[in-house]
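# Architecture at a glance
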Amino acid sequence: MHTIVLTKGVPDFREGEVSFDEDGHLERGKTPTVMNPNDKHALEAALQTRVRHGGRVSLLSMGPPGYDGILQEGMRDVYADDLYLISDREFAAADTWATAITLATAIRHHGDVDLVFAGFKTADGETGHTGPQTCWCLDWPLVTHVVALEVDEEDRRLRAKRLVEGDVGEIETVEVPMPAVVVADPEFEPTYRTASTRLEHKRLRQETQKRAEEYEDHLEMWDHEELNLDPDYVGLDGSPTIVESVDPIPRAPSEREATDVDPEDSEAMGQVLEEMQPFAAGGD
């Protein structure tokens, strides 16, 4: 089994220092970045598949050279056997369509791939387009809003439970041939029912956390020449989306100061009660 997980760096909105150029394009190299939170659900789904069926998990991202830290975060916090960063100035300012073309080409460049996992949506664009569009470029089956999955290696089929139109109250079971693309829902919960799978899960997590300390040894970078991509079809030139305007993102408020109070300390609790009483009574 070879699975690929797509991940993306998104602005760290806690920093409030999101940089745009004069045309309204996000300057990712100048913006504090973290791994997209929804991508961790995709990584969890890939790890479950790795624990149950062995094989290899590759983490794939497109972005500036500084995104290697995003890949390290995924390797350390969840799991990855190896890391791939698609990085080239020709890919700058890509919309979801140009990004999908680039990602699909990189996936095919890997050779034999059984499953591709993607997050539900990103915290910056929130379109939810990239995973499905990448699948369209690959011409593979697509299953979205996945909350549970099983793989039949012998018949090369994927059985998944998915939310119907994102409604957590209605779940359907679907079955598709592999290779396939899976979009993990935030409601996805990995399951390790047997002692052997729980032990394997623990072993793999410990192993990848150690490897993450020297993640550069497991990282490979590809540019447009390596992937044989025409610059006219990727990056800004290959993006049909036109950004009309952007609104500045304000800096998040600083952390509030807090004082720890021991509930057993009657004097301290009395002071808290005294301070809060006017508000409880509707005072100013």
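These numbers come from a predicted model, not from an experiment. (Residues numbered from 1 in each chain as written. Predicted model: local features only at pLDDT ≥ 70, side-chain atom pairs only at ≥ 80, totals over all residues. Heavy atoms only, no water.)

For side chains bearing opposite charge, pairing can occur when the charged atoms are close. Overall, the coordinates contain 13 salt bridges when judged by the stated rule. With a closest N to O distance of 3.6 Å, aspartate 77 and lysine 40 form a salt bridge. Residue aspartate 77 is located in helix H2 (residues 68-77), and its partner lysine 40 is located in helix H1 (residues 39-53); the two are separated by 37 residues in the primary sequence. One network of salt bridges, in which partners are shared, links Arg50, Asp81, Glu200, Arg203, Glu207 and Arg211. (Salt bridge = Lys/Arg side-chain N within 4 Å of Asp/Glu carboxyl O. Helix = DSSP H or I, 4+ residues; strand = E, 2+ residues; numbered from the N terminus.)

Within the fold, threonine 134 resides in helix H4 (residues 130-138). Of the residues examined, threonine 134 reaches a relative accessible area of 1% and is grouped as buried. Between the C-alpha atom of threonine 134 and that of leucine 103, which follows or precedes it by 31 residues, the distance is 6.6 Å. Other than its neighbours up to four places away in sequence, threonine 134 contacts Leu6, Ala100, Leu103, Ala104 and Ile107. (Buried < 20%, exposed > 50% of the residue type's maximum accessible area, 1.4 Å probe, protein only. Contact = heavy atoms within 4.5 Å.)

With 15 residues, H1 ought to run about 21 Å at 1.5 Å a step, and its terminal C-alpha atoms sit 21 Å apart, in line with that. Residues of H1 that are buried: Asp39, Ala42, Leu43, Ala45, Ala46, Leu47, Gln48, Thr49, Arg50 and Val51. Two residues or fewer past H1, glycine 54 is found with a positive phi of approximately 70°. (Expected span 1.5 Å × (residues − 1).)

This part covers helix H5 (residues 195-212). Three- or four-residue spacings in an α-helix give side chains the same orientation, since the helix completes a turn every 3.6 residues. Here H5 is 18 residues long and its end C-alpha atoms lie 26 Å apart, about the 26 Å a rise of 1.5 Å per residue gives. Listed in full, the buried residues belonging to H5 are Thr197, Leu204, Thr208, Arg211 and Ala212. The buried residues of H5 all sit within an arc of 95° when viewed along its axis, so they share a single face. With respect to the buried face of H5, the exposed residues turned more than 90 degrees away are Leu199, Lys202 and Lys210. Check the buried side of H5 and you find it contacts H1 and H2. (Arc of directions from axis to C-beta.)

Attention now moves to the packing of helix H3 (residues 96-110) against H4. At a closest axis distance of 8 Å, the pairing of H3 and H4 adopts a crossing angle of 55°. By the angle between their axes, H3 is oblique relative to H4. Crossing of H3 over H4 shows right-handed handedness. Judged by residue contacts, Thr96, Trp97, Thr99, Ala100, Ile101, Leu103, Ala104, Ile107 and Arg108 of H3 engage Thr130, Gln133, Thr134, Trp136, Cys137 and Leu138 from H4. Here the residues of the contact of H3 with H4 sort into 9 nonpolar, 5 polar and 1 charged. (Axes fitted to C-alpha atoms, helices over the stretch in contact; angles between N-to-C directions. Parallel < 35°, antiparallel > 145°, perpendicular 65-115°, else oblique. Left-handed = near helix turned anticlockwise from the far one by under 90°. Nonpolar A, V, L, I, M, F, W, Y, C, P; charged D, E, K, R; others polar.)

Here glutamine 133 lies in helix H4. According to the relative accessible area criterion, glutamine 133 is buried, its value standing at 19%. Polar side-chain contacts of glutamine 133 include one of 2.9 Å to the side chain of threonine 96. Residues within four places of glutamine 133 in sequence aside, it is in contact with Thr96, Trp97 and Ala100. (Polar contact = N/O pair within 3.5 Å; in protein donor to acceptor, adjacent residues only side chain to side chain.)

Let us now look at unusual backbone geometry. In this model, methionine 178 is joined to proline 179 through a cis peptide bond whose omega is 10°. Considering the arrangement of structural elements, one finds proline 179 in the loop between strand S9 (167-177) and strand S10 (180-184). In this structure, aspartate 139 takes a positive phi of about 60° despite not being glycine. With respect to the helices and strands, the residue aspartate 139 is situated in the loop between H4 and strand S7 (142-152). In this structure, histidine 145 takes a positive phi of about 55° despite not being glycine. Structurally, histidine 145 can be placed in strand S7. The exposure class assigned to histidine 145 is buried, which follows from its relative accessible area of 16%.

These figures come from the coordinates and say nothing about function on their own.
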